[in-house]
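Next come the chains, spelled out residue by residue.
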Amino acid sequence: MSDITKQSLTELVKNIKSKKLSSTDVTKAFIERSEKSKELNAYITEDFKSALNKAKKFDQKPNLDLKLPGIPMAVKDLFCTKNIKTTAGSKILNNFVPTYESTVTENIWNEGAILLGKLNCDEFAMGSSNETSFFGNVQNPIDKNLVPGGSSGGSASAVAGQLTPITIGTDTGGSIRQPASFTGIVGLKPTYGSCSRYGIVAFASSLDQAGPMAQNVKDCALLQEVISSYDPKDSTSIDFKRNQYSKELTNNIKGKKIGIPKEYRVDGMPKEIEDLWQKGIQYVKDCGAETVDISLPHTSYALPTYYIVAPAEASSNLARYDGVKYGFRAKGENLIDMYEKTRSEGFGAEVQRRIMIGTYVLSSGYYDAYYLKAQKVRKLIKNDFDDAYKKVDAILTPSTPSSAFKIGEKTDDPVSMYLNDIFTVPVNLAGLPGISIPAGHDSNGYPLGLQIIGKAFDEQNILNIAFAMEEKINFKNKITDWWIK
Amino acid sequence: MDKVTKKNLEYLINRKDNQYEVVIGLEVHAQVLSESKLFSTSATKFGAEPNTQVSLVDAAFPGMLPVINEFCVKQAIKTGIGLNAKINKRSVFDRKNYFYADLPQGYQISQFKDPIVGEGKVILDMPDGQKEVGIERLHLEQDAGKSIHDLDPQNTFVDLNRSGVALMEIVSKPDLRSPDEVSAYIKKLRSIMRYLGTCDGNMQEGSLRADVNVSVRTKGSKEFGTRCEIKNVNSIKFMQMAIEYEANRQVDLIEEGKSIDQETRLFDTKKNETRSMRSKEDAHDYRYFPDPDLLPLEVSDDFVNELKNDIPELPDDKKKRFIDEFKLSPYEATILVSDIDTAKYFEEVVAKMGKNKDIKLAVNWITGELFAVLNNKNLEISQSPVSAKNLAILVNLIKNGTISGKIAKTIFELMLDGDKDPQKIVEEKGLKQESDPKAIEALIDKIINDNREKAIEYKQGKEKLFGFFVGQAMKASGGKANPQLINEILKKKLQ
């Protein structure tokens, strides 16, 4: 089977369970392809040798009742992994090796999966192009010098480039859905509280959520089923009845009401995005669902609100990286000097920018005008969705206002970079689940994604809608393996 | 309750023609009595080896999250109930952001806008009557670690054992007016918390410390003066000294026509003076905001009511009961209830004395002989060399006439060594009181016979000679004769 890496997770699991493939076969195949794919720069840390050992060990006594039996996978380097360096894409954690495991990755290993390595990402997940990583740009497998999106850029690149069958990312303002859209894969941001944040390097605590990234909706559903759990170690984890998402997956969405929010038709949006959206509307109708025009009136305030709330929380969350206890430490004349040098040298420009913004908006005299007001607007944005969900079961929007852009194209213009998140950010602010599925190509042949936003805890419903649409769209990602010599 | 007397032992600072009143408010930091920390499962034992009680959460490792310790919440609510305070059913944990080497997170989790406990009050028993002190609020927060600067000339060491330990910050209203009131207030708070078992109140170990806010104003003025905050004072004596110094410093400034800067000051215990630490302009901007890792803390009525049912009798109620039930004076009752162990000891003595008991006598023995011994030996009453049971037996022996008060003191001395049973001491040493009237009569007859002249003088009106006869009788009996019987029989015989 030479095409192991082209197989979906579902196929791999089936083949391992039926013993057509061993975990060693599969692990080897992904390692080999990863070795040939260094130019993508998707990995920060490779753990291939130990992955192969684990695969061999699995094959000696395979437990085929597990959900991910002997499946190798790489994960975003924001998840703390026991005894494996965890950097968050930052120099300041370049030497940091956790003694503990995040709950989400623990759940994955408990279901039989094997760690291949840690994937590149924007520094502390702050970025939309993977260009803020201390470990360099990630290439989009779609085309040379194209960004994979961010912050889970390494994750998206690795799945699209078939370096890993599936992966997990984190999504604070679109960090799973936007790179999924840019690389032609499926990415789900679950409801806030669905996946434990324990052991995930924090960016903005009230927005961060881990989620699955995969080649198709079914794989995504299976991985979501594995990673979502109630965790008493995370006070914001929510104890609700979790579905067997992959088993309960159905393409029957007849009679579902899908909202089309007029506010997502933003100024300057390329025509191909509008066309894609219209196509999406037709697809859901073809599946027997009904579309309803709705209004989410506070949408235009979402981005400014996000860029107050997220930096505010980040400025405080990143205070612990001070050179005192672990991570990078610069030499200083005294404590303050050491702090200043450590943080100036240890953090990149984008992280420093957000720490400054966050510190500013929380400062006395500005708190009411910025942070407090942003919290009020956040409530209004959530109310918009609550009102809409009185009429509809889910909402369909484009995932991003454009397709992937060139490396370096937006690095000097943070605001234009931030605009990438315009359709994804409201979902984080409202704590809702959202999924991006590949739905077409632009004139360059670059993938474009559609986003389905659900009610809180209603992952099953948006997975079903995505599953039904996926069948109709019949998307084929154009991967030419350009980077493999 | 005591009668509130109008008489006022005012604490005033006099300068030339002016009299100044001192206004004091306290922010007391009381360590919650709990096996584990506020947001982690690490132990909180005092005096452990440095950095042996530190979890990944306490050391703020990446991705670590705080989880509230329900027991600490209960302790705070119980304390709130003990302070007659409003329990807030919804409170919020905020982050207080600042950088310091012993603050691993780069922020302290504290309650800023919405504390768990709101307004309350405590009653102080002052020599001139009772005084009510308002409580502004009580909130839960984390303690920081400890920076150790004196172990190495180049480096500072950090011990994170304290990092994350639960503290209750109890903020009083500016109702205190003298160092003595501050002392009484701290003692009362400590007493209440020890009754509740919510704080051990051990100031030497830092379980109880306070920031002291001091301002002065001319007597009769309604306006508050500019206050200075004296940080982290860890003994009642130092608080009193610091207030005295600081109030006088402020008065001197006013007298010189200068103004007082609102600032944070430190008390130098060696020089007995306060020193400026930072001015208002240099004050930190803590950038408080609700901690997004923690949901607002919500407690139900049932939760609070269950804790209310769990509250033991507190000092004020116990005092009232001691007065009503045991007919103690307010003074005696105040002494006995001020410390929970003293109150426990007293109640145990009362219980062991049985039916025919003399409570007044027991109180005298506890506050007299026993306290003196404890004081001498520098012991807590919980370490008393004489158990409540044996003290009860001793008091009963006096009450039923088996021994005299004088003999009792001798026996008490003997009891100190190994908590001996006084009954046995009486038997072994033959110290039983002579209470046979016939034997005493015979003894007295002999004394009157031997001192006929004095007996005549007495009968002629020289009444103070009665004491002489009592003394002679006592002496003749080797101190064992029942003094009451001697009195009675002597009176009869000398008529």
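What you are looking at is a predicted structure, and each value in this text was computed from that prediction instead of being measured.

**Some thoughts on the overall build of chain A**
Tallying secondary structure elements over chain A gives 15 helices and 11 strands in all. Taken over C-alpha atoms, the radius of gyration comes to 21 Å for chain A, in line with the 23 Å a tight globule of 485 residues would show. By residue count, 59% of the 485 residues in chain A fall in the buried class. Of all intrachain contacts in chain A linking residues separated by at least 6 positions in sequence, the fraction that spans at least 24 positions is 77%.

**Comments concerning the nonpolar core**
Across soluble globular proteins, you tend to see nonpolar side chains buried next to one another. Core analysis: the largest hydrophobic core is formed by 245 residues, its most contacted members being Ala466 of chain A together with Ala76 and Val212 of chain B. The leading source of residues in this core is helix H2 (residues 179-196) of chain B, at nine residues. Two domains share this core, each providing at least three of its residues, namely domain 1 (12-309) and domain 2 (315-429) of chain B. The contacts of alanine 76 of chain B, once residues within four sequence positions are left out, are Val32, Ile116, Val117, Leu138, Leu140 and Met168 of chain B. Grouped together as the second largest cluster of nonpolar side chains are 10 residues, Phe469, Ala473, Ala481 and Leu490 of chain B included.

**Remarks on unusual backbone geometry**
That bond from glycine 150 of chain A to serine 151 of chain A is cis: its omega, 10°, falls within 30 degrees of zero. With respect to the helices and strands, serine 151 of chain A occurs in the loop between strand S3 (114-119) and helix H5 (153-160). The residue aspartate 419 of chain B is not glycine, and still its phi comes out positive at about 50°. Residue classification places aspartate 419 of chain B among the partly exposed residues on the basis of 13 C-beta atoms within 10 Å.

**Some points on helix H12 (residues 437-450) of chain B**
Residue and element names in this part refer to chain B. When the terminal C-alpha atoms of H12 are compared, their 20 Å separation across 14 residues agrees well with the 20 Å that a helix rising 1.5 Å per residue should span. For H12, the full list of buried residues reads Ile440, Ile444 and Ile447. Down the axis of H12, the buried side of the element spans an arc of 60°, and every buried residue falls inside it. Among the exposed residues of H12, those oriented more than 90 degrees off its buried face are Lys438, Ala442, Asp445, Asn449 and Asp450.

**Some remarks on the domain arrangement of chain B**
Residues and elements named next belong to chain B. Structurally, chain B comprises domain 1 (12-309), domain 2 (315-429) and domain 3 (437-493). Using only C-alpha atoms to locate each centre, domain 1 and domain 2 end up separated by 37 Å. Listed per partner, the contact involves seven residues of domain 1 and six residues of domain 2. Where the side of domain 1 that touches domain 2 is concerned, the elements lending two or more residues are strand S6 (120-126) and H2. With five residues, H2 is the largest single contributor of residues to the side of domain 1 that touches domain 2.

**Some points on the pairing of strand S9 (residues 394-398) of chain A**
Residue and element names in this part refer to chain A. Within S9, five of the five residues are buried, which leaves the element mostly enclosed by the surrounding structure. Taking every second residue as pointing to the same face, both faces of S9 are buried, with Ala394, Leu396 and Pro398 on one and Ile395 and Thr397 on the other. Of the pairings in the sheet, the one linking strand S7 (residues 257-261) to S9 comprises two bridges and is parallel in character. Paired with isoleucine 258 across the strands is alanine 394, a residue of S9. As paired elements, S9 and strand S11 (residues 447-454) share five bridges and run antiparallel to each other. Opposite threonine 397, over in S11, you have glutamine 451 as the bridge partner.

**A word on the environment of alanine 184 of chain B**
All names here are of chain B. Take alanine 184: it is sitting in helix H2. Considered as a pair, alanine 184 and histidine 284 are 100 residues apart in the sequence and their alpha carbons are 32 Å apart. Sequence-distant contacts of alanine 184, that is, excluding residues within four places in its chain, are made with Leu124 and Met126.

**Notes on the sheet that holds strand S1 (residues 43-46) of chain A**
All names here are of chain A. Read across the open sheet, the three strands follow the order S1-S3-S2; overall the sheet is mixed. Two strands bound the open sheet, and with one partner strand each, they are S1 and strand S2 (72-76). Averaged over all neighbouring strand pairs, the angle between strand axes comes to 35°, with direction disregarded. Sheet contacts for helix H3 (residues 48-60): S1, S2 and S3; angle to S3, the most-contacted strand, approximately 160°.

**A word on the interface of chain A and chain B**
Of the residues lining the interface, 33 residues belong to chain A; the matching set on chain B comes to 24 residues. Those elements that place two or more of their residues in the side of chain A that touches chain B are helix H9 (302-317), helix H10 (335-346) and helix H11 (349-362) of chain A. For the side of chain A that touches chain B, the element with the highest residue contribution is H9 of chain A, accounting for three residues. Among the residues forming the side of chain A that touches chain B, the class breakdown is 16 nonpolar, 10 polar and seven charged.

**Section: the pairing of strand S11 (residues 208-218) of chain B**
Residues and elements named next belong to chain B. Counting buried residues in S11 gives eight out of 11 residues, a clear majority hidden from the surface. Judged from the 11 bridges that link them, strand S2 (residues 18-31) and S11 form a sheet pairing that is antiparallel. The residue bridging tyrosine 20 from the neighbouring strand is threonine 218, located in S11. Examined bridge by bridge, S11 and strand S12 (residues 228-233) share four bridges and lie antiparallel to one another. Paired with valine 212 across the two strands is isoleucine 230, which belongs to S12.

**Structural notes on the sheet that holds strand S5 (residues 186-189) of chain A**
Residue and element names in this part refer to chain A. If you trace the eight strands from one edge of the open sheet to the other, you get S4-S6-S5-S10-S11-S9-S7-S8, paired in mixed fashion. The sheet terminates laterally at strand S4 (166-170) and strand S8 (290-294), the two strands that pair on one side only. Each adjacent strand pair in this sheet contributes to an overall mean axis angle of 30°, direction not counted. In this structure, S5 lies alongside strand S10 (residues 434-441), joined through three bridges in antiparallel fashion. Counterpart to glycine 187 in the pairing with S10 is serine 436. In the packing of helix H7 (residues 217-227) onto the sheet, the strands contacted are S4, S5, strand S6 (210-214) and S10, and the crossing angle to S6 comes to about 150°.

**Here we look at the packing of H12 of chain B against helix H14 (residues 465-476) of chain B**
Residue and element names in this part refer to chain B. Close contact between H12 and H14 brings their axes to 10 Å; oriented N to C, the two are set at 125°. Relative to H14, the element H12 lies oblique. When the axes of H12 and H14 are compared, the crossing they make is right-handed. Of H14, the residues touching H12 (which contributes Leu443, Ile444 and Ile447) are Phe469, Gln472, Ala473 and Ala476. Counted by class, the contact of H12 with H14 contains six nonpolar, one polar and no charged residues.

**Some thoughts on the packing of helix H7 (residues 340-352) of chain B against helix H8 (residues 359-377) of chain B**
Residue and element names in this part refer to chain B. At a minimum axis distance of 10 Å, the contact between H7 and H8 shows a crossing angle of 140°. Here H7 is positioned oblique relative to H8, judged by the angle of their axes. Relative to H8, H7 is oriented so that their crossing is right-handed. Across the interface between the two elements, Tyr345, Phe346, Val349 and Val350 from H7 touch Ile359, Ala362 and Ile366 from H8. Partitioning the contact of H7 with H8 into residue classes produces seven nonpolar, no polar and no charged.

**Some words on helix H10 (residues 405-415) of chain B**
Residue and element names in this part refer to chain B. For H10, the complete set of buried residues consists of Ile407, Ala408, Ile411 and Met415. Projected down its long axis, H10 carries its buried residues within an arc of 100°, all on one side. Contacts made by the buried residues of H10 are with helix H9 (388-399) and helix H11 (422-429).

The rules behind these values
Residues numbered from 1 in each chain as written. Chains lettered and ligands numbered in written order. Predicted model: local features only at pLDDT ≥ 70, side-chain atom pairs only at ≥ 80, totals over all residues. Helix = DSSP H or I, 4+ residues; strand = E, 2+ residues; numbered from the N terminus. Rg over C-alpha atoms; globule rule 2.2 N^0.38 Å. Buried ≥ 20, exposed ≤ 12 C-beta atoms within 10 Å, placed from the backbone. Contact = placed C-beta atoms within 7 Å. Core = buried A, V, L, I, M, F, W, Y, C linked by C-beta atoms within 7 Å. Domains from an automatic or database assignment. Expected span 1.5 Å × (residues − 1). Arc of directions from axis to C-beta. Pairing = 2+ DSSP bridges. Axes fitted to C-alpha atoms, helices over the stretch in contact; angles between N-to-C directions. Nonpolar A, V, L, I, M, F, W, Y, C, P; charged D, E, K, R; others polar. Parallel < 35°, antiparallel > 145°, perpendicular 65-115°, else oblique. Left-handed = near helix turned anticlockwise from the far one by under 90°.

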